[in-house]
Amino acid sequence: MPLRRATKVAGAVLAAAAVVVVAPTAAHAQESRLRFDAPPLRLAQPIVMTLLQDRAGLMWIGTQGGLIRYDGHAAQLYGGGRAEERSLPSSAIRALAEHTDGRLWVATLSGLGIVSAERDRTTPVSSQTHPDLFPLTDAMSALAELPDGRMAVGTDGGGLVILESDASGGRVFVHHPADPTSLPSNTVDAVASGLDGSLWVATLTGLVRLRPDADAFEHVPLPPSSVGSVEPRRLAVDPSGVVWVGGLDGVVRIDPEAGVRRVRLGGFRIQSLLATH
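What counts and how
- Residues numbered from 1 in each chain as written.
- Predicted model: local features only at pLDDT ≥ 70, side-chain atom pairs only at ≥ 80, totals over all residues.
- Heavy atoms only, no water.
- Helix = DSSP H or I, 4+ residues; strand = E, 2+ residues; numbered from the N terminus.
- Buried < 20%, exposed > 50% of the residue type's maximum accessible area, 1.4 Å probe, protein only.
- Polar contact = N/O pair within 3.5 Å; in protein donor to acceptor, adjacent residues only side chain to side chain.
- Contact = heavy atoms within 4.5 Å.
- Pairing = 2+ DSSP bridges.
- Axes fitted to C-alpha atoms, helices over the stretch in contact; angles between N-to-C directions.
- Core = buried A, V, L, I, M, F, W, Y, C linked by side-chain atoms within 4.5 Å.
- Salt bridge = Lys/Arg side-chain N within 4 Å of Asp/Glu carboxyl O.

Enquirer: Would you mind going over the side chain of threonine 108 in detail, with residue names and values included?
Expert: By the element assignment, threonine 108 lies in strand E8 (residues 104–108). Under the relative-accessibility criterion, threonine 108 is labelled buried at 0%. Here serine 110 takes part through its backbone nitrogen, which lies 3.0 Å from a polar atom of the side chain of threonine 108. A polar contact is formed between the side chain of threonine 108 and the backbone oxygen of glycine 111, at a distance of 2.7 Å. When sequence neighbours within four positions are dropped, the list of residues in contact with threonine 108 reads Pro89, Ser90, Ala92, Ile93, Arg94, Asp138, Ala139 and Met140.

Enquirer: Describe unusual backbone geometry, with residues and values.
Expert: Positive phi is not limited to glycine here, since alanine 167 has a value of about 60°. Looking at the element boundaries, alanine 167 is found in the loop between strand E13 (160–163) and strand E14 (170–173). With phi around 65°, aspartate 213 is a residue other than glycine that occupies positive phi space. Among the structural elements, aspartate 213 can be located in the loop between strand E17 (206–210) and strand E18 (218–220). By relative accessible area, aspartate 213 is classed as exposed at 83%.

Enquirer: Pulling in residues and values, what's your account of the sheet that holds strand E22 (residues 259–263)?
Expert: If you trace the four strands from one edge of the open sheet to the other, you get E19-E20-E21-E22, paired in antiparallel fashion. Since the sheet does not close on itself, it has two edges, and those belong to strand E19 (234–237) and E22, each with one partner. Each adjacent strand pair in this sheet contributes to an overall mean axis angle of 20°, direction not counted.

Enquirer: Tell me what's going on with the nonpolar core, and back it up with residues and numbers.
Expert: Membership of the largest hydrophobic core comes to 16 residues, with the highest contact counts inside it found for Trp105, Leu112, Val125, Phe134, Leu143, Val153 and Leu163. Apart from residues lying up to four places away in sequence, valine 125 is in contact with Gly111, Leu112, Ile114, His130, Phe134, Met140, Leu163 and Ala167. Core analysis: the next-biggest nonpolar cluster, separate from the first, contains 15 residues, Ile162, Phe173, Val201 and Phe217 among them.

Enquirer: So what's going on with the pattern of salt bridges? Residues and values would help.
Expert: The tally for this structure, following the rule as stated, stands at twelve salt bridges. In this structure, arginine 150 and aspartate 148 form a salt bridge, with 2.8 Å as the shortest nitrogen-oxygen distance. For arginine 209, the salt bridge goes to aspartate 196, with nearest N and O atoms at 2.6 Å. Here arginine 209 is found in strand E17, whereas its partner aspartate 196 is found in the loop between strand E15 (188–193) and strand E16 (199–203), with 13 residues between them in sequence. Given a relative accessible area of 44%, aspartate 196 falls into the partly exposed group. Within the structure, one salt-bridge network assembled from shared partners comprises Asp54, Arg55, Glu98 and Arg119.

What follows is the structure in structure tokens.
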């Protein structure tokens with residue numbers, strides 16, 4: 001399916017793999033067979049971890065071998081570890097987010113890279129530049145912009161960090177065994193900003209919600225799956241405010257009005273969710 005057609009699936013959630021189109025208002029999940037056109041693009045590292053289409057229409061492809069910008073005709077590589085103004089902390093890309101000011105935030109296994117709106121330079125953020133915010137790890141795993149412009153950063157072992165928009169400072173949330181309202185795990189797989197300003201966080205041991213101006217996390221119970229305990233791995237919020245949770249056995253739909261229900265997708269393990277507008 002050409003890119004311009006794929007972006008017109010209004011109000012849907014795309015779940016992969018396989019590719020399933022889920023309409024938020026449908027009574028049950030529907031699987032659609034989609035046809036894809038292979039772009040004339042050869043990747044040096046074929047393992048794609050994340051995708052993003054920016055406001056200019058450019059595709060950003062995060063792989064284990066670097067970040068690729070693709071305009072439909074030519075590709076440009078943003079690699080890691082090179083002495084260039086636009087190089088990234090690592091070539092292993094985990095997550096992407098475009099800030100409302102046009103900057104591209106890139107989560108890698110060795111820190112964050114904030115690419116300027118002009119795409120000509122990158123500002124690194126890691127334990128070396130911010131030792132008070134990232135004392136445990138440089139492995140970044142998830143990104144989501146909050147309504148006030150701050151960026152929520154999930155890490156693999158270092159908890160959750162909410163950075164100021166200019167990365168000048170921030171706040172760290174970690175797990176405390178004696179505090180049931182703390183982050184349930186320091187391993188964060190996904191974050192998403194709700195329409196009401198709440199931050200949804202998928203961790204290794206469950207899903208939690210942090211309401212605006214709150215300090216305590218609320219645990220969000222999920223319906224059991226056929227494989228036992230639910231392990232949320234991916235999050236998306238659609239234009240109506242419904243939160244979609246992808247895990248090891250399909251998708252859970254959290255509607256502020258209709259409640260929580262499981263969408264069964266034939267036992268697929270969900271690797272990515274994208275809510276289109």
